[in-house]
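Tertiary structure, described
Each chain, letter by letter, is given below.
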Amino acid sequence: MSRTEKGSVPGITVSQSRKEAIILHPGNADVSSNSKMAAHGGTRMMIVCFLGIFCCYFVYGLLQETITKAKYGEKGEKFHYTLSLVFVQCIINGFFARCAMMVVKEHDHTPGRFYALCSLFYLGAMVASNHSLQHVSYPTQVLGKSAKPIPVMILGVLFAGKHYPLAKYLFVLMIVLGVALFVYKDDKASSASDNHTLGIGELLLLVSLMLDGLTGATQDRMRGEHKTGATSMMFSVNAWSVLWLAIGLVLTGEIFQFMTFVGRYPFVIINMLLFSVCSAAGQMFIFKTVTEFGPLTCSIFTTTRKFFTILCSILLFGHPMSGRQWTGTVLVFIGLFLDNMYGKPLKVTAPGTLSR
């Protein structure tokens, strides 16, 4: 009789017991293969999400710069219809969110006043950001918007009572220094290439950043108090934004000027629709990334995308950048990457103790 292993059934050889185990539990043979398939599936989904975010926002950036920076017709007319651009964008965003709500079932009990307030912050940030492109280059706008951790941290400390590790302040300081190096203009540079000596574009970016911070704080409160779902929030915020924009377009008379402009250059509306579709699709990929892989992975994807968007904009549209501006750009993205990795707020785990 063959030798038996300790713990095996007497009278059954080792090879026999293993075969019996496989026969009795056929699923065991597929565990490793199933785990490998799941790992490969997760990797494929991560690649799809990254490419989706990268491609959608790459085309989004090209179209945004084309719409707002191009000269139209023989007279070289400029596009000044920011409210109309954001209006179309919010309609498409709301449509995508409504379609997503048919797939992701959510029960929303959030009071309308929260959506009304949040939409004002959200709308103001979008309008200020888009309008800034009439005064600054696209790389400046992208880099300025990349400094979003600054107002988020400040508002978190002042109004939400959050505690951050010392490293967080160091990383945010790196972002501040990087942005300062990028936007700083010496006398020669400002007189030779810049037409905006008052810094209107930079002021609009600052307003946009602060409103982004208020939008985030309002959304955090909605999620905390009412468990608001992502698709419900996206739909309702954009629906309220469409209402506010419709009022603004009529009161300012921009809607009539915009329709006349589109009558002269009808291809503009096609670019605006494509721009809005890319924005909405990019948000869907971001939502999928956060759901499947967490906010850290999503932050790394979006940070990488912004860096290559700046690089492509420089190459395609010929924006000159000095060595100082490149240094500032690298500082900002190193700070963003480190902040994503190690700058999480501290949580109170016991009286007098903090942890990440």
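Residues numbered from 1 in each chain as written. Predicted model: local features only at pLDDT ≥ 70, side-chain atom pairs only at ≥ 80, totals over all residues. Heavy atoms only, no water.

1. Regarding unusual backbone geometry
If you check the backbone angles, Lys-227 has positive phi at about 55 degrees while not being a glycine. By the secondary structure assignment, Lys-227 is in the loop between helix H9 (200-226) and helix H10 (230-252). (Helix = DSSP H or I, 4+ residues; strand = E, 2+ residues; numbered from the N terminus.)

2. Structural notes on the packing of helix H3 (residues 82-103) against helix H4 (residues 112-132)
When two helices pack together, you describe them by how their axes are tilted relative to each other and by the distance separating the axes. Between H3 and H4, the least distance of the axes is 10 Å, while the angle of their chain directions is 130 degrees. By the angle between their axes, H3 is oblique relative to H4. Of the two possible hands of crossing, H3 and H4 adopt the one that is right-handed. Two secondary-structure elements touch here, H3 through Thr-82, Leu-83, Leu-85, Val-86, Gln-89, Cys-90 and Asn-93 and H4 through Tyr-122, Leu-123, Met-126, Val-127, Asn-130 and His-131. The residue makeup of the contact of H3 with H4, split by class, is eight nonpolar, five polar and no charged. (Axes fitted to C-alpha atoms, helices over the stretch in contact; angles between N-to-C directions. Parallel < 35°, antiparallel > 145°, perpendicular 65-115°, else oblique. Left-handed = near helix turned anticlockwise from the far one by under 90°. Contact = heavy atoms within 4.5 Å. Nonpolar A, V, L, I, M, F, W, Y, C, P; charged D, E, K, R; others polar.)

3. Digging into the pattern of salt bridges
All told, the structure shown has four salt bridges when counted by the stated rule. Notably, a salt bridge pairs Asp-212 with Lys-145, separated by 2.4 Å at the nearest N-O pair. Taken together, the residues span a long stretch of sequence, with Asp-212 in helix H9 and Lys-145 in helix H5 (residues 138-145) at a distance of 67 residues. Linking Arg-221 and Glu-225 is a salt bridge whose minimum nitrogen-to-oxygen distance equals 2.9 Å. In this pair, Arg-221 and Glu-225 are both assigned in helix H9, four residues apart and thus about one turn of the helix distant. By relative accessible area, which is 47% here, Arg-221 ends up partly exposed. (Salt bridge = Lys/Arg side-chain N within 4 Å of Asp/Glu carboxyl O. Buried < 20%, exposed > 50% of the residue type's maximum accessible area, 1.4 Å probe, protein only.)

4. Focus on the environment of Phe-333
Topologically, Phe-333 is positioned in helix H14 (residues 323-342). The class for Phe-333 is buried, based on a relative accessible area of 8%. On a C-alpha basis, the gap between Phe-333 and Ser-146 in space is 8.2 Å, while along the polypeptide they are 187 residues apart. If we skip the residues at most four places from it in the chain, Phe-333 touches Leu-143, Ser-146, Thr-303, Lys-306, Phe-307 and Ile-310.

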